[in-house]
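Below, each chain spelled out in residue letters.
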Amino acid sequence: MILAAQLVVLGVLVVALMLLRRHWPYPSPLIRPFLPPQRRWPEAQIRGWLRTKRFHPGYLAFFDRDPERIVPSGPALLAPADGLITSVDCRDGIRYIVIALSFWDMHVQRSPATGRVVSVERLGAAYTDGEGRDFAFLRDKYCPVQARTVFECNAGRVAVRQITSVAARRIETWVVPGQPVERGQRMGRIRLGSTVVLETDASLACRVAVGERVRAGETALLEVSEVAC
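Computed from a predicted model, the values in this text were never measured in an experiment.

Counting residues in hydrophobic clusters, the biggest one holds 30 residues, and the most contacted among them are Leu77 and Leu221. If you list the elements that add at least two residues to this core, you get strand 4 (94-101), strand 7 (145-153), strand 8 (156-164), strand 11 (186-190), strand 12 (194-201) and strand 14 (220-222). Among the elements that take part in this core, strand 7 stands out by supplying four residues, more than any other. By size, the runner-up hydrophobic cluster in this structure holds 11 residues, among which are Ile46, Phe55, Trp104 and Leu192.

Structure (structure tokens):
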């Protein structure tokens, strides 16, 4: 009995070592479920999958998550995406709040306000066309691909840009011109690394700063009056 138990333990150790060697330098499947997302699927491994287009099914299931959100009351414009605020700069009377999404952020975008969709534009098929060289949030993308959705709401006209690169290129927009939308409503998704930009009137008071993390449909970004749409 003792010998059999020892053989079982030895067999488990051999399998564990084989899996560790096979997946090195990335986590073994035996420990992957117990690690936080950034260590469960390291960035270098994900970038390798981008090149080969062969993604681990567990990572794809994690990436495609779409949790419910509790939309706060009030008129403030909400974050359209999860991620890190990298810029809140103004230019020609427009404020651009840039949200950088990592490989581990939730990638479903939500409407910043209650209102109506005015237009959905597809922009930036090549790095050099249009505005590509003028905006920092486009310059860091190789041949940026965009969808720009404009809303009419209590803050006037605001726009949400969904931006990715040709390496990913997949942008889903789930709203159409003329469609009414609710604050915090799902409006689209970007696949595998991206940037989302909220464009608003520069006069609106900003409630976030560079370096803060925000959540789509939950984090208030800008103060707005109670004026109805």
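Bridge analysis of strand 2 (residues 83-87) against strand 13 (residues 213-214) gives two bridges, and the strand direction is antiparallel. Across the sheet, the residue bridging to Leu84 is Arg213, located in strand 13. Here strand 2 runs beside strand 4; their pairing, made up of three bridges, is antiparallel. By the bridge assignment, Leu84 is partnered in strand 4 with Ala100.

The strand order across the open sheet formed by three strands is 5-11-9, and the pairing between neighbours is antiparallel. Where the open sheet ends on each side, the last strands, each with one partner, are strand 5 (108-110) and strand 9 (171-173). On average, each strand axis in the sheet is tilted by 20° relative to the strand beside it, whichever way the strands run. Pairing of strand 9 with strand 11, which is carried by three bridges, proceeds in the antiparallel orientation. What sits directly across from Glu172, in strand 11, is Arg189.

Attention now moves to the environment of Val71. Looking at the element boundaries, Val71 is found in the loop between helix 4 (57-63) and strand 1 (77-78). The spatial distance from the C-alpha of Val71 to the C-alpha of Ala216 is 9.1 Å, given a sequence separation of 145 residues. When residues no more than four places from it in sequence are discounted, the contact partners of Val71 are Leu78, Arg183, Gly184 and Gly217.

What follows concerns the pairing of strand 11. The element strand 11 is largely enclosed, with a buried count of four among its five residues. Of the strand pairs in this sheet, strand 5 and strand 11 are connected by three bridges, and their pairing is antiparallel. By the bridge assignment, Gln109 is partnered in strand 11 with Gly188.

What counts, and where the lines are drawn
- Residues numbered from 1 in each chain as written.
- Predicted model: local features only at pLDDT ≥ 70, side-chain atom pairs only at ≥ 80, totals over all residues.
- Heavy atoms only, no water.
- Core = buried A, V, L, I, M, F, W, Y, C linked by side-chain atoms within 4.5 Å.
- Buried < 20%, exposed > 50% of the residue type's maximum accessible area, 1.4 Å probe, protein only.
- Helix = DSSP H or I, 4+ residues; strand = E, 2+ residues; numbered from the N terminus.
- Pairing = 2+ DSSP bridges.
- Axes fitted to C-alpha atoms, helices over the stretch in contact; angles between N-to-C directions.
- Contact = heavy atoms within 4.5 Å.

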